[in-house]
Amino acid sequence: MKKSTYLITSLLGILAMISVAAPSFAADAPDGKALYVKLTCIGCHGPEGKGMVRKRDRKDKKTGEYKYRKGDPMPGFEAYPKLAGQNEVYLYNQMQDIFSGKRSNGLSAAMLGIKTFIDSTASDEDLRAVAKYLSQVR
Ligand code: HEC
């Protein structure tokens, strides 16, 4: 093999190794969007943290008045907060306070119910990633 061919071949080899290794580096960073679903947050805070809300307006056929509007809470979810677009640090701090029991107001007991599951499945880094993801939803 000519010296130059050898050099090119080994350069290609190195490039191939880098391209194979790169995705595994990316996979190491927790994926806040996927964790939001995996950690069941979506079940109470709705798709993308936008709340469990009505998808469209509905009017009363006779009176023409709105029965409910798009974005209104679904029945039973009136006291569940929307999280999308809230400040990252605030979201993270509230999660910590709810899971530690420091914040126990309103319906926080509902969320405290998943603490054991969170403790066994999620790291602090994961919760930070979820907070970051939610803060970036527009
Ligand atoms: C079983 C239902 C439930 C699940 C599951 C749940 N939450 Fe909550 N969460 C609540 C309720 C209810 C509140 C409001 C507590 C209150 O009234 O003080 C809340 C409050 C919060 C708050 C504070 C919001 C604010 O404006 O102060 C954050 C942040 C939050 N949840 C994040 C999450 C994340 C992230 C997950 C997933 C790891 C999650 N929650 C899973 C029910 C739930």
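This text goes with the structure placed above it.
Residues numbered from 1 in each chain as written. Predicted model: local features only at pLDDT ≥ 70, side-chain atom pairs only at ≥ 80, totals over all residues.

### A word on the overall build of the protein
Tallying secondary structure elements over the protein gives 7 helices and 2 strands in all. Tracing the protein from N to C terminus, the helices and strands come up as α-α-α-β-β-α-α-α-α. Residues counted as buried form 11% of the 138 residues belonging to the protein. The long-range share in the protein, meaning contacts at least 24 apart out of those at least 6 apart in sequence, stands at 62%. (Helix = DSSP H or I, 4+ residues; strand = E, 2+ residues; numbered from the N terminus. Buried ≥ 20, exposed ≤ 12 C-beta atoms within 10 Å, placed from the backbone. Contact = placed C-beta atoms within 7 Å.)

### Description of the nonpolar core
With 11 residues, the main nonpolar core is built from Tyr36, Leu83, Leu91, Met95, Ile98, Leu127, Ala129, Val130, Ala131, Tyr133 and Leu134. Mapped by element, the contributors of at least two residues to this core are helix 4 (88-100) and helix 7 (124-136). The biggest single contributor to this core is helix 7, with 6 residues. Every residue in contact with Leu83, bar those within four places of it in the chain, is listed here: His45, Gly49, Leu91 and Leu134. (Core = buried A, V, L, I, M, F, W, Y, C linked by C-beta atoms within 7 Å.)

### Some thoughts on the site of the ligand
Neighbouring the ligand are 24 residues; Cys41, Cys44, Gly106, Leu107 and Met111 lie closest to it. If you list the elements that add at least two residues to the shell around the ligand, you get helix 3 (41-45), helix 4 and helix 5 (108-112). Across the shell around the ligand, the residue classes break down as 16 nonpolar, 8 polar and no charged. (Near = placed C-beta within 6 Å. Nonpolar A, V, L, I, M, F, W, Y, C, P; charged D, E, K, R; others polar.)

### Details of unusual backbone geometry
Apart from glycine, the bulk of residues carry a negative phi angle, and the bulk of peptide bonds sit in the trans form. Notably, Thr40 is not glycine yet its phi reads approximately 70°, a positive angle. Note on placement: Thr40 falls in the loop between helix 2 (32-38) and helix 3. The phi dihedral of Glu48 is positive, around 55°, even though this residue is not glycine. Checked against the element boundaries, Glu48 lands in the loop between helix 3 and strand 1 (58-59). Judged by the 18 C-beta atoms lying within 10 Å of it, Glu48 falls in the partly exposed class.

### A look at helix 4
Its 13 residues place the ends of helix 4 18 Å apart at the C-alpha level, agreeing with the 18 Å of an ideal helix rising 1.5 Å per residue. Along helix 4, the residues classified as buried are Leu91, Met95 and Ile98. Projection of helix 4 onto a plane perpendicular to its axis shows the buried side chains occupying an angular sector of 70°, all on one side. Facing away from the buried side of helix 4, by more than 90 degrees, are the exposed residues Val89, Tyr90 and Ser100. Those residues of helix 4 hidden inside the fold are in contact with helix 5 and helix 7. (Expected span 1.5 Å × (residues − 1). Arc of directions from axis to C-beta.)

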